[in-house]
Amino acid sequence: MTLSAHDKELVAKTWTKIAPKAAQIGGEALGRLIAVFPQTKTYFSHFADLSASSPQIKAHGAKVLGAIGQAVSGIDNVSASLSKLSELHAYNLRVDPANFKLLAHTLLVTLSAYLGAEFTPEVHLAWDKFLALVATVLSEKYR
């Protein structure tokens, strides 16, 4: 997925509004992932509580958004920004790469809820393209 300069600008600009609430947004997006796509629960079987309010879900969601923040910071080379994370998920955690697209979807829904009117169709498209790129990069080590 190719991001235009304008897409990159919109993602970076929006990130400044998301970053202060990243842990909260990440926890909500991950909780939504588990609720909407219950097959993803298998990757979190070591968590005592899989509810959206679980401290473990919130903490892992914060990590997810931390990685998204790294990708935003390195938007010109997302592959380099997320290389170690891709290796971890492919070789150690063995997460089905289809789940990255599911998480991208739940993150878009969560961003829409948090940003409201600021999540314009143009911003939505930029984030959709960006998260598709992130999902592709995270799947690279599987090939």
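Residues numbered from 1 in each chain as written. Predicted model: local features only at pLDDT ≥ 70, side-chain atom pairs only at ≥ 80, totals over all residues. Heavy atoms only, no water.

Under an unreviewed UniProt entry, the protein has the name Hemoglobin subunit pi and belongs to Acipenser ruthenus. One UniProt comment on the protein, placed under Sequence similarities (unreviewed entry), says "Belongs to the globin family." (UniProt positions renumbered as here; feature names shortened; annotations may be inferred.)

In this section: the overall build of the protein. Of regular secondary structure, the protein possesses six helices and zero strands. Here the protein holds 143 residues, and the buried ones make up 43% of them. Restricting to contacts in the protein with at least 6 residues of sequence separation, those with at least 24 account for 74%. Accessible surface, the protein as shown: approximately 7,500 Å² in total, 57% of it carbon and sulfur. (Helix = DSSP H or I, 4+ residues; strand = E, 2+ residues; numbered from the N terminus. Buried < 20%, exposed > 50% of the residue type's maximum accessible area, 1.4 Å probe, protein only. Contact = heavy atoms within 4.5 Å. Areas by Shrake-Rupley, 256 points an atom, 1.4 Å probe, with all protein chains shown as cover.)

In an α-helix there are 3.6 residues to a turn, and that puts residues three or four apart on one side. Taking 1.5 Å as the rise per residue, helix 1 (residues 5-18) with 14 residues should run 20 Å; its terminal C-alpha atoms sit 20 Å apart, in good agreement. Within the sequence span of helix 1, burial applies to Asp7, Leu10, Val11, Thr14, Trp15 and Ile18. Summarising the axial view, the buried residues of helix 1 lie within an arc of 135 degrees, below the 170-degree limit, and thus occupy one face. Seen from the buried face of helix 1, the exposed residues on the opposite side, beyond 90 degrees, are Ala5, Glu9, Lys13 and Thr16. For helix 1, the secondary structure elements touched by its buried residues are helix 2 (22-36), helix 3 (55-73), helix 5 (98-115) and helix 6 (121-139). (Expected span 1.5 Å × (residues − 1). Arc of directions from axis to C-beta.)

Looking now at the packing of aromatic side chains. Taken as a whole and judged by the stated rule, the model has two aromatic pairs. Measuring from ring centre to ring centre gives 5.4 Å for phenylalanine 44 and phenylalanine 47, while their planes differ by 50 degrees; the resulting arrangement is tilted. Of the two residues, phenylalanine 44 and phenylalanine 47, both sit in the buried class. Here the aromatic rings of tryptophan 127 and phenylalanine 130 are separated by 5.4 Å at their centres, their planes lie at 90 degrees, and the arrangement is edge-to-face. (Phe/Tyr/Trp six-rings, centres within 6.5 Å; stacked < 30°, edge-to-face > 60°.)

This part is about the packing of helix 2 against helix 3. Remark: helix 2 packs on helix 3, axes separated minimally by 7 Å, with the N-to-C direction vectors making an angle of 110 degrees. Judged by the angle between their axes, helix 2 and helix 3 are roughly perpendicular. Judged by the sense of rotation from one axis to the other, the crossing of helix 2 with helix 3 is right-handed. Across the interface between the two elements, Ala22, Ala23, Ile25, Gly26, Gly27, Leu30, Gly31 and Ile34 of helix 2 pack against Ile57, Lys58, His60, Gly61, Ala62 and Leu65 of helix 3. (Axes fitted to C-alpha atoms, helices over the stretch in contact; angles between N-to-C directions. Parallel < 35°, antiparallel > 145°, perpendicular 65-115°, else oblique. Left-handed = near helix turned anticlockwise from the far one by under 90°.)

Moving on, we come to the packing of helix 5 against helix 6. Packing of helix 5 against helix 6 leaves a shortest axis separation of 9 Å and a crossing angle of 155 degrees. Judged by the inter-axis angle, helix 5 sits roughly antiparallel to helix 6. Viewed along their axes, helix 5 and helix 6 form a crossing whose handedness is right-handed. Facing Phe100, Lys101, Ala104, Leu107, Leu108 and Leu111 of helix 5, the residues of helix 6 in contact are His124, Trp127, Asp128, Leu131, Ala135, Leu138 and Ser139. Looking at side-chain class alone, the contact of helix 5 with helix 6 contains nine nonpolar, two polar and two charged residues. (Nonpolar A, V, L, I, M, F, W, Y, C, P; charged D, E, K, R; others polar.)

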